[in-house]
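Here's the letter readout for the chains.
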Amino acid sequence: MPKILPRKFYAEPTGKLARKLLGCRLVRERRGIRLAGRIVETEAYIGEKDLACHAHVGKTPRTRIMYGPPGVCYVYFTYGMHWLLNVVAEEEGFPAAVLIRALEPLEGLDVMGRLRPGKTALEFCRGPAKLTRALDIRGEHNGADLCRPGASIWIEPAAVGPLRIERTPRIGISRTPEPWRSKPWRFTIKGNHFLSR
DNA sequence: AGCACGATTAACT
DNA sequence: GTTAATCGTGCTC
């Protein structure tokens, strides 16, 4: 049986959760096959005051998942073609989430190759929209509970201990005003080869 | 009803 | 380095 991270793991300040998720294994069970990768890059989006966070507009049909309990998927559609996967953080009522930006592929590489035609393993999950494509994560996973046994998506604990973690500003928010644009809320496993470009 | 824009990617030059 | 692809969301009229 997989060892699924419990809800209390996610009920943390968003930046702390973003760091804790590095090294953990994201697992997607699809048609009885495990597609999995090690989380190597995350970003924290923290509350209504954070102008880069979708919740800065308040509670809407799109953002309501972030206001709910932690340990739930917030999956949204952007640029007319891409799905992005987040994990809801903090206590229920405070809107925040961790964006999963890159994985090091570990299981189900053959299936990932079919879902990412023409790409090498290095490129399967090297970006937030690439990994949702490689793991076949889409809108139907919005609201999926990562803590429920028997689900089609969950996260398993890190296999090894503390990692060398690097902190940088978040990617892709160049139009967001300061000070939010420059907050060092992107976290990576330093030197990992599978980070987004 | 119409509009501008986006937590991106791939395919260009 | 530049740009098209493509549509849901939230805002304005």
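In this text, all values refer to a predicted model and were calculated from it rather than measured experimentally.

Chemist: Which residues make up the nonpolar core, and what values go with them?
Modeler: Within the largest apolar cluster, 43 residues are counted, with the highest numbers of intra-cluster contacts made by Tyr10, Leu21, Leu26, Ile39, Ile100, Leu135 and Ile155. Discounting residues that sit within four places of it in the chain, Ile100 has contacts with Leu21, Ile39, Glu41, Thr42, Leu85, Val87, Pro128 and Leu131.

Chemist: With reference to specific residues and values, describe the protein's contact with DNA strand B.
Modeler: Residues in close proximity to DNA strand B total 22 residues, the closest being His54, Tyr76, His82, Asn86 and Arg175. Protein-proximal atoms of DNA strand B, defined as those within 4 Å of the protein, fall in sugar or phosphate at a share of 52%. Measuring from a phosphate oxygen of DNA strand B, one finds a side-chain N or O atom of His54 at 2.6 Å. Contacts to DNA strand B include Arg175, whose side-chain N or O atom sits 2.7 Å from a phosphate oxygen. Residue assignment for the surface near DNA strand B shows that the elements contributing at least two residues are strand E3 (73–78), strand E4 (82–88), strand E5 (96–107) and helix H5 (128–134). Its residues placed into classes, the surface near DNA strand B shows nine nonpolar, seven polar and six charged.

Chemist: I'd love a proper account of the protein's contact with DNA strand C, names of residues and values included.
Modeler: Near DNA strand C, the surroundings consist of Val57, Thr60, Arg62, Phe77, Tyr79, Gly80 and Met81. Of what DNA strand C places within 4 Å of the protein, 68% of the atoms are sugar or phosphate. One nitrogen or oxygen atom from the side chain of Thr60 is found 2.2 Å from a phosphate oxygen belonging to DNA strand C. By residue class, the composition of the surface near DNA strand C is four nonpolar, two polar and one charged.

Chemist: I'd like a description of the packing of aromatic side chains, backed by residues and values.
Modeler: In total, this model carries four aromatic pairs according to the counting rule given. Here Tyr74 and Tyr76 contribute two aromatic rings whose centre-to-centre distance is 5.5 Å and whose plane-to-plane angle is 25 degrees, an arrangement assigned as stacked. Each member of the pair Tyr74 and Tyr76 is classed as buried. One Lys or Arg, Lys20, reaches over the ring of Phe9 and ends 4.0 Å from the middle of that ring. The side chain of Lys183 reaches across the aromatic face of Trp180, ending 5.3 Å from its centre.

Parameters at a glance
Residues numbered from 1 in each chain as written. Chains lettered and ligands numbered in written order. Predicted model: local features only at pLDDT ≥ 70, side-chain atom pairs only at ≥ 80, totals over all residues. Heavy atoms only, no water. Core = buried A, V, L, I, M, F, W, Y, C linked by side-chain atoms within 4.5 Å. Buried < 20%, exposed > 50% of the residue type's maximum accessible area, 1.4 Å probe, protein only. Contact = heavy atoms within 4.5 Å. Near = heavy atom within 4 Å. Polar contact = N/O pair within 3.5 Å; in protein donor to acceptor, adjacent residues only side chain to side chain. Helix = DSSP H or I, 4+ residues; strand = E, 2+ residues; numbered from the N terminus. Nonpolar A, V, L, I, M, F, W, Y, C, P; charged D, E, K, R; others polar. Phe/Tyr/Trp six-rings, centres within 6.5 Å; stacked < 30°, edge-to-face > 60°. Lys NZ or Arg CZ within 6 Å of the ring centre and 35° of its normal.

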